[in-house]
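If you want the building blocks of each chain, they are given just below.
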Amino acid sequence: MQKNQNLLTNDESTILLKVAQTNAEKEAVYNFRYNVYVEEMDKHRIDADLNHKMISDLFDDWAINIYAEKSGKIVGVNRLNIAPANKFPKDIIHTLDLKRFIQLGGLEENENITLMTKLMVDKAFRNSPLLYLLMKKSYDLFAEYDIQFGFGGCNLHLLRLYEQMGLHRYAENFIDGGYGLLFPIVMLADDVDHFRRVRSPLYRLARKRTNKNLDKVTWFHKTFQNNSNIINSQIISADSLWDFLCRALKASPTNILPILDGLSVEEAKIFVHSCGIIIQCQPNNLLTLQGEVSYSHTILLSGKLQSKTIIKPQKHYLPGDYFGANGLTEQNKHIEDIVAIAPSQILVLTGLGFQRFSSSNFEIAHKIVKNCRQISYHSPYKLTVNK
């Protein structure tokens, strides 16, 4: 077997993890990206090759493109670009706040970092270990290239998943024209205590690393995390999260949120803690894009939002309002462009989290599905319905 291949037995067949080397392999990776972003997620604002159905950019010219293959078909991909921070384009340095890492002593001038982008998994494998396997393959390269920091940008419905992996939010959101609102995230190779605390599957790899650079870990937590108002979904307790929601909404969420209708406080606590994450948004952050598929149920906790689509009369969203299409129990398309017009906090209840939650909390999940069917999302674009 080639050195760059790893095997995983999954059901009755085998998944191969590879690094794309040939033009044919790379084009297959680009085609997979197109299938996920454009054909599944309807992200038509992305700069894509429509004729050949591929998505690629200049970063691919010097990237390590990892892909997972099953029965000759690609089922997952990830891209790593490795270089010193100051060698990346200025827009990447700005949006990922890399200057602060250099100026405050977190990065040496010529120290390599990893930019992790274009990580995606086939829809059929999103509740499988495949994401972890792609992350593991990437993590292995941290040791090979002596890397401490891996950076990326993440859509809001995936933040909870990456926090489960042990990544951190650390800087303000930014808008990418093709991919919408993104949140800077970072993984620290030697963040062993944090991996253990959030029960990351990467913990068992991190604890085996030799020559750990714990000074980098201490610096990051002191600089970015100790005084941060970011609420990590994997660290906050169910009771603390519930208390936060009560304070933000100035009432018990079970009394005012339609999604929680008919649930006891204890049931609601379990559901919100298992599926939810709190995010902060700034004015002009675009939260939903008309025509794109929703993967969550979103509720405004504080601040104010405005529809850019419904303007006569002007439509606003206030604390306690849900907005966007239902992506929790179904997959529907957004029918509005919705933007924050004030600093805002939002509760995101993710569809990925709900799938896992449903398998072990069937009765609560049944109530949630019923509530979602009764909520009017004003969306004529229904794609699928869970029976």
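Up top is the structure these notes are about.
The model shown is predicted, which means the values in this text are computed figures rather than measured ones.

Asks: How should helix α13 (residues 362-374) be read in this particular structure?
Replies: An α-helix turns once per 3.6 residues; consequently, residues spaced three or four apart project the same way. In this model, α13 (13 residues) spans 19 Å end to end at C-alpha, consistent with the 18 Å of a helix rising 1.5 Å per residue. For α13, the set of buried residues is I364, A365, I368, V369, N371 and C372. The buried residues of α13 occupy an angular sector of 160° when the element is viewed end-on, so they sit on one face. Those residues of α13 that are exposed and aimed more than 90 degrees away from the buried face are F362, E363, H366 and Q374. Where α13 is buried, its residues touch α11 (265-275) and α12 (351-360).

Asks: Looking at this model, I keep getting lost on unusual backbone geometry. Mind explaining?
Replies: Leaving glycine aside, a negative phi is the common case for residues, and trans is the common case for peptide bonds. Of note, the amide linkage connecting K312 to P313 takes the cis form, showing an omega dihedral of -5°. Along the chain, P313 turns up in the loop between β13 (305-311) and β14 (314-317). Here S71, not a glycine, exhibits a phi torsion of approximately 50°, which is positive. The exposed category is assigned to S71, whose relative accessible area is 66%. Despite not being glycine, K250 shows a phi value in the positive range, around 60°. Tracing the backbone through its elements, the reader meets K250 in the loop between α9 (238-249) and α10 (253-256). Judged by its relative accessible area of 74%, K250 is exposed.

Asks: It is not clear to me how the pattern of salt bridges should be interpreted in this structure. Could you clarify?
Replies: Where charged atoms from two side chains of opposite charge approach closely, those side chains can pair. Scanning all chains against the criterion turns up 19 salt bridges. The salt bridge partner of E267 is K367, with a shortest N-O separation of 3.1 Å. Placement of the pair is E267 in helix α11 and K367 in helix α13, with a sequence separation of 100 residues. Classification of K367 by relative accessible area gives partly exposed; the value is 27%. Where salt bridges share partners, they join R33, D57, D60, R79 and K118 into one cluster.

Rules used throughout
- One numbering rule holds for all chains: residues counted from 1, following each sequence as written.
- In keeping with the model being predicted, local features are shown solely for residues with a pLDDT of at least 70 and side-chain atom pairs are shown and tallied solely at 80 or more, while totals for entire chains, interfaces and linings include all residues.
- Just so you know, side-chain values use all the structure's heavy atoms and leave hydrogens and water out.
- Under the scheme used here, helices are H or I runs from DSSP no shorter than 4 residues and strands are E runs no shorter than 2 residues, and both carry numbers assigned from the N terminus.
- Helix span, as expected, comes to 1.5 Å for every residue beyond the first.
- Partly exposed residues are those whose accessible area sits between 20% and 50% of the maximum for their type, while under 20% is buried and over 50% is exposed, using a 1.4 Å probe and protein chains only.
- Relevant arc is that of directions from the helix axis to the C-beta atoms, nothing else.
- Here, two residues are considered to be in contact whenever any of their heavy atoms come within 4.5 Å of each other.
- Here a salt bridge means any side-chain nitrogen of Lys or Arg lying within 4 Å of a carboxyl oxygen belonging to Asp or Glu.

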